[in-house]
Structures are given as structure tokens and as C-alpha cells.
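Here is what each chain is made of, one letter per residue.
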Amino acid sequence: MCKRWMGVAFSISFSVVSAYGGIVYSTGFENPPFTTTPNALAGQDGWAVFSPASSFDIVETAQVKSGLQAVEVGPTGTVQTGAYHSDTAVGPIIDLAADIYLFSSTTQSEWQFAGLGPGLAPFLGGIDVFADNTIHLITAGFTTEGTFTKNAWHHVDLVFNMGTQNYSFSLDGSLLASGVPFCSDNGSCTSVSPVTSYGTSFFDVFATANSNDLGAIDNFALSNVTGGNAP
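Residues numbered from 1 in each chain as written. Predicted model: local features only at pLDDT ≥ 70, side-chain atom pairs only at ≥ 80, totals over all residues. Heavy atoms only, no water.

Caption draft 1: Expanded view of the state of the cysteines. All chains considered together, the criterion is met by 1 disulfide. Note on cysteine connectivity: cysteine 183 is disulfide-linked to cysteine 189, with sulfurs 2.0 Å apart. Because the torsion about its S-S bond is -85 degrees, the bridge between cysteine 183 and cysteine 189 counts as left-handed. Note on cysteine 183: relative accessible area 0%, which makes it buried. Among the residues examined, cysteine 189 registers a relative accessible area of 4% and is labelled buried. (Disulfide = S-S within 2.5 Å. Buried < 20%, exposed > 50% of the residue type's maximum accessible area, 1.4 Å probe, protein only.)

Caption draft 2: Up close: the side chain of serine 184. One can find serine 184 in the loop between β13 (174-181) and β14 (198-206). Serine 184 gets classed as buried once you look at its relative accessible area, which sits at 11%. Excluding anything up to four places from it in sequence, serine 184 contacts Pro122, Phe123, Ser191, Ser193 and Val195. (Helix = DSSP H or I, 4+ residues; strand = E, 2+ residues; numbered from the N terminus. Contact = heavy atoms within 4.5 Å.)

Caption draft 3: Broad picture of the environment of leucine 222. By the element assignment, leucine 222 lies in strand β15 (residues 215-225). For leucine 222 and valine 24, which are 198 residues apart along the polypeptide, the C-alpha to C-alpha distance reads 5.5 Å. Every residue in contact with leucine 222, bar those within four places of it in the chain, is listed here: Ile23, Val24, Tyr25, Asp87, Ala89, Ile94, Asp95, Leu96, Tyr198 and Ser201.

Caption draft 4: Inspection of the packing of aromatic side chains at higher detail. For the structure shown, the criterion picks out 14 aromatic pairs. Ring geometry for tryptophan 111 against phenylalanine 203: centres 5.4 Å apart, planes inclined by 25 degrees, an arrangement best described as stacked. Of this pair, tryptophan 111 sits in strand β7 (residues 110-116) while phenylalanine 203 sits in strand β14, and the two are 92 residues apart along the sequence. For tryptophan 111, a relative accessible area of 1% translates into the label buried. On the basis of relative accessible area, phenylalanine 203 is assigned to the buried category, the value being 1%. (Phe/Tyr/Trp six-rings, centres within 6.5 Å; stacked < 30°, edge-to-face > 60°.)

Caption draft 5: Structural detail: the sheet that holds strand β10 (residues 144-147). Here we have 7 strands laid out as an open sheet, ordered β2-β5-β14-β7-β8-β9-β10, and antiparallel in their pairing. What marks the edges here is a single partner per strand, and that holds for β2 (47-50) and β10. Across the sheet, the axes of successive neighbouring strands diverge by a mean angle of 20 degrees, strand direction being ignored. With 3 bridges connecting them, strand β8 (residues 123-129) and strand β9 (residues 134-137) associate as antiparallel partners. Along β9, the bridge assignment pairs isoleucine 127 with leucine 137. (Pairing = 2+ DSSP bridges. Axes fitted to C-alpha atoms, helices over the stretch in contact; angles between N-to-C directions.)

Caption draft 6: Seen up close, unusual backbone geometry. Cis geometry is adopted by the peptide bond preceding proline 38, which originates at threonine 37 and carries an omega value of 0 degrees. Position of proline 38 among the secondary structure elements: in the loop between β1 (22-27) and β2. Positive phi, normally seen in glycine, also occurs at aspartate 45, with a value near 55 degrees. You can see aspartate 45 is positioned in the loop between β1 and β2.

Caption draft 7: Structural detail: the nonpolar core. Residues Phe113, Leu158, Phe160, Phe169, Ile217 and Phe220 are the most contacted members of the largest nonpolar core, which totals 51 residues. A total of 5 residues in this core trace back to one element, the largest contributor, which is strand β6 (residues 93-102). (Core = buried A, V, L, I, M, F, W, Y, C linked by side-chain atoms within 4.5 Å.)

Caption draft 8: Region of interest: the environment of aspartate 204. Following the sequence through the fold, aspartate 204 ends up in strand β14. Expressed as a C-alpha distance, the spacing of aspartate 204 and glutamate 110, which sit 94 residues apart in the sequence, is 8.7 Å. A distance of 2.4 Å separates a polar atom in the side chain of aspartate 204 from a polar atom in the side chain of glutamine 80. (Polar contact = N/O pair within 3.5 Å; in protein donor to acceptor, adjacent residues only side chain to side chain.)

Caption draft 9: Structural view of the pairing of β15. Here β15 lies mainly inside the structure; 11 of its 11 residues are buried. Here 5 bridges tie β1 to β15, and the two strands are oriented antiparallel to one another. Along β15, the bridge assignment pairs isoleucine 23 with serine 223. For strand β4 (residues 70-73) and β15, the ladder comprises 3 bridges, and the chain directions are antiparallel. Within β15, the position partnered with glutamate 72 by the bridge is alanine 216. As defined by bridge partners, β6 adjoins β15 across 9 bridges and the pair is classed as antiparallel. Within the sheet, the bridge partner assigned to isoleucine 93 lies in β15 and is valine 225.

Put into C-alpha cells, the structure is as follows:
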């Protein structure tokens, strides 16, 4: 699996664009339909887990942004693992947002929050949060764009423009980057092939030896946008 299939993410939808579009899928991971007995996320309301499922990929009540429940993701072994949801969003502008919480630890992993085509390929774009807390855009060059403070909820909003093949990134309501070229592949992000459709959203972790951190996600929303500001 390609190294760039990696991850992190954040909070409730920020931008004006969300008000213009239709919700494709949104959830606060509340009951119903999500349950904590059993608490495995995989199979609940269309969510799946990859490579392999960690014992931490669960619906939980200990760390939530709002309501009573959220989802916790954690490392397993030294592989990439995490949660994803498959949906068809047509745009022409697509808004992906969530609230994300990353716990500090003695051995930190790399996290990712991103949007891809159907079947987890190719990337439109998203963000990686490195072990040193720097945020990197999933685009050619993987440019650094700010830092992600641990032990606090953050709101991340990614707005994808299928026409221009660019996206914007906002953190906690502040626009940090716009006009960011789509990655267009699952590696170096140097492919010139356009991404023709949106199909998958995911939040995942790249574990290293002795990784002992955790992440949580709440208030996930994916919307088609038909007007408003484009990235």
C-alpha cells in the first residue's frame, strides 16, 4: 500500500459553501443507528475499516465533541489502519468536514483525513498530521500548512472543486490554503490525470513501532455544493 494513503482530520463544516449544497451523508455517530454494544465501527451505517481493523476502531462515549457518542481510532502493529465511508458526491464542489481529536502520547503516529475516488483511489486531497504535529497538504510537494494541537477538538473543512481540480483547507473556521492542486494518485501526487469522481472519505493512522496514541472523530459531513465560494 502506498505511503501517501495516510492520515488525519478535524471538525464541523465551516464554510459558506455548505449552505448552498445538499447533504450526501452526515453523522454524529449517535444511537440510533450507532451502538456501543457491540462497539466495533465496521458495519455500522456503512462504515468500514481497513488493513487490518484495530481493536480501537470503535464507537465510544469517552471522548466526544457533541452529543453522547463519537468514533475512536488507534494504531495496530506497524501498519496503516482506519475508518472510511463510501459515498457518491457529484459537486461540482464537494465539502468534506469533521471534528477531530488527537491524543498526545510518548510515541506518536502520523494521521490522515482525506477524500478519494471510489475504491480508495485516487486522492483528491486532504491533510496529514505528522508526529511533530505539523500539518501537510496531500498535494505535490506535500507542503506544510500550520500545526495541529493535540488534546483538543479541531474542525477541519476540505472543499474540493471537481472543475478546477483544486481544493481548500480550513482549520477551526480559518482558511489556511486555497487553490491546492488535487493529488491525483496514491503516491507522489504528480499524476496529471484528473480525478473524475468522489467516492470515499477516510480518517486513518500510520502506526510505527510502539505507537500508543489515539484519535477521535465526530460530526462528519459530506455535501454537494452547487453555489457559493469555490477553492
